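Fold and geometry: a report
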Amino acid sequence: MAKGRHILRLAKHRNNGGEELPVCHVVSRVPSAEFRRTQNLAQWAEFQEQEKTLAGKVFAVLGDIHANIEALNVVLDDARKQGVTDFVCVGDVVGYNASPKECLEIVRGELNAHCVQGNHDYYISNLSMNLEDFSPHAAAAVKWTREQLNDDEMAYLANLPLKKPVMGFTLVHSTLDMPERWGYVFENDQATSSFAFQKTPICFHGHTHVPIVYELTDTGAKHRPAEDMTVRVGQRLFINVGSVGQPRDGDPRASYAIYVPATRELKFRRLEYDVAAAQERIKKAGLPERLWQRLEFGR
Ligand code: ZN
């Protein structure tokens, strides 16, 4: 780890929704190529051992559902048609949209999904959270959601882990280096930072609501578009699966990913859903206009 670099970055990022988002990252030392190769091959050997026990498993990776039941139902229908056997979730089950109870019930019950905590899951379930720094519409959604959930649902959200290894891969909402800081990955350097703490060949994440794939190379992380691919043995990937309930890449269709360990196939799915019905619910709940308007633009 000697030939490393150590950069402290503190910057403000503007996301597609026009909100100021804090980005604070310590870009950790990049381990030497030789160290990474050896460590990576050992982790892959372990991963392939686990893959044998995962024969027949097809994972759907869902993220940023954000209480959008219309989008979630369409995703579940599609996943079943695609032969999905297991569901996992990279966090933010609630927040922004108007069906928090329904979405929570499905994720916890029917799907029995392994799930990590997202920043909205945390803000909503942490009653001591100061909402003064929030944008008015985000604060309104947090307050409204708290009123909808019972103690058991709040406790479920509060107790979700920040990161979780699941059958050979890892789940996190933001980044593995400082998951509690809720940093956004918009640049290769930010992904490089997370890779330094990745102990499995593949890690799935969310948070930006933009599907994208980062691969670790000898010179750090390089991003590539979220397109279907067959993962090669030896690759290290940090994969953003996009958002089920509030996409922000200009495409309003619900986004999720499918991963098949036996064949190492990775597929990105985009699905149309009844946006008008989701918008109607948000209006009826009395939530801010911005929250229903953005759904039809995917921003
Ligand atoms: Zn989110």
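Refer to the structure above for everything that follows.
Structural notes, computed from the coordinates. (Residues numbered from 1 in each chain as written. Predicted model: local features only at pLDDT ≥ 70, side-chain atom pairs only at ≥ 80, totals over all residues.)

The terminal C-alpha atoms of helix H2 (residues 69-81), which comprises 13 residues, lie 18 Å apart, in line with the 18 Å expected from a rise of 1.5 Å per residue. Every buried residue belonging to H2 is among Ile69, Glu70, Ala71, Leu72, Val75 and Ala79, and all of these are buried. Here the buried face of H2 lies against strand S3 (59-62), helix H3 (100-110), strand S13 (254-260), strand S14 (265-271) and helix H8 (275-284). At the exit of H2 stands Gly83, carrying a positive phi of roughly 85 degrees. (Helix = DSSP H or I, 4+ residues; strand = E, 2+ residues; numbered from the N terminus. Expected span 1.5 Å × (residues − 1). Buried ≥ 20, exposed ≤ 12 C-beta atoms within 10 Å, placed from the backbone. Contact = placed C-beta atoms within 7 Å.)

So, about the sheet that holds S13. The strands that make up a sheet are held in pairs by hydrogen bonds between backbone atoms, and each pair lies either parallel or antiparallel. Reading across the sheet, the 6 strands line up as S5-S4-S3-S13-S14-S11 and stay open at both edges, with mixed pairing between neighbours. Looking at which strands have only one partner, the edges of the open sheet turn out to be strand S5 (114-115) and strand S11 (229-230). In this structure, S13 lies alongside S14, joined through 7 bridges in antiparallel fashion. The residue of S14 that forms the bridge with Tyr259 is Leu266. (Pairing = 2+ DSSP bridges.)

This paragraph deals with the pairing of strand S8 (residues 202-205). Residue alternation in S8 divides its side chains into two sets, Ile202 and Phe204 and Cys203 and His205, and both sets are buried. Examined bridge by bridge, strand S7 (residues 169-172) and S8 share 3 bridges and lie parallel to one another. Counted as the bridge partner of Phe169 is Ile202 from S8. One crossover worth recording links S7 to the parallel S8 by way of helix H7 (residues 188-195), and it is right-handed. (Right-handed = clockwise from strand over helix to strand, strands pointing away.)

To continue, consider the sheet that holds S8. If you walk across this open sheet you meet the 6 strands as S6-S7-S8-S12-S9-S10, and the pairing is mixed. Across the chains shown, the open sheet's two edge strands, defined by having one partner strand only, are strand S6 (163-166) and strand S10 (220-224). The sheet shows a mean angle of 20 degrees between the axes of neighbouring strands, direction not considered. Pairing analysis gives 5 bridges linking strand S9 (residues 212-217) to S10, with the strands arranged antiparallel. From the neighbouring strand, Val213 faces S10, where its bridge partner is Arg224. The strands touched by H7 within the sheet are S9, S10 and strand S12 (237-240), with S10 carrying the most contacts at an inclination of about 125 degrees. (Axes fitted to C-alpha atoms, helices over the stretch in contact; angles between N-to-C directions.)

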